[in-house]
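Here is what each chain is made of, one letter per residue.
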Amino acid sequence: MSRWRILQIGLFIVILSLSGLWMNDGFQIFTKDKSEKVTLQKDDIFGTIIEKREWVEDFQFGLLPDDPLQPFRSLSFYFVIAILTIAIAQRKISKSSKSLS
């Protein structure tokens, strides 16, 4: 097996792993670095229920970046690099098989 084929297989495994990470994070379209936490509290004076919202640090990978100046904070950046490298490796493999024939 050539090193290009090994690179292709390795990158395919990386793509599958990143897809699993994306599924685990909840199929987010945009990358998020915080999530909203809602707690319900009963007001002792008036007897009503009050919603208290706060933002907690919780990084979740998404397909698109949260900041256009930082594209590496998205999965699509890694997907594109891996797919382009797989295509280049396939081109090298086909060139080397044609030269051997």
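Everything that follows concerns the structure shown earlier in this document.
Residues numbered from 1 in each chain as written. Predicted model: local features only at pLDDT ≥ 70, side-chain atom pairs only at ≥ 80, totals over all residues. Heavy atoms only, no water.

Remarks on the side chain of Asp25
- Mapped onto the elements, Asp25 comes out in the loop between α1 (3–24) and β1 (32–42).
- A polar contact of 3.0 Å, which involves the side chain of Asp25, links it to the backbone nitrogen of Phe61.
- Contact partners of Asp25, with chain neighbours within four places excluded, come to Gln60 and Phe61. (Helix = DSSP H or I, 4+ residues; strand = E, 2+ residues; numbered from the N terminus. Polar contact = N/O pair within 3.5 Å; in protein donor to acceptor, adjacent residues only side chain to side chain. Contact = heavy atoms within 4.5 Å.)

Looking at unusual backbone geometry
- Even without being a glycine, Phe27 presents a positive backbone phi close to 55°.
- Structurally, Phe27 can be placed in the loop between α1 and β1.
- The class for Phe27 is partly exposed, based on a relative accessible area of 47%. (Buried < 20%, exposed > 50% of the residue type's maximum accessible area, 1.4 Å probe, protein only.)

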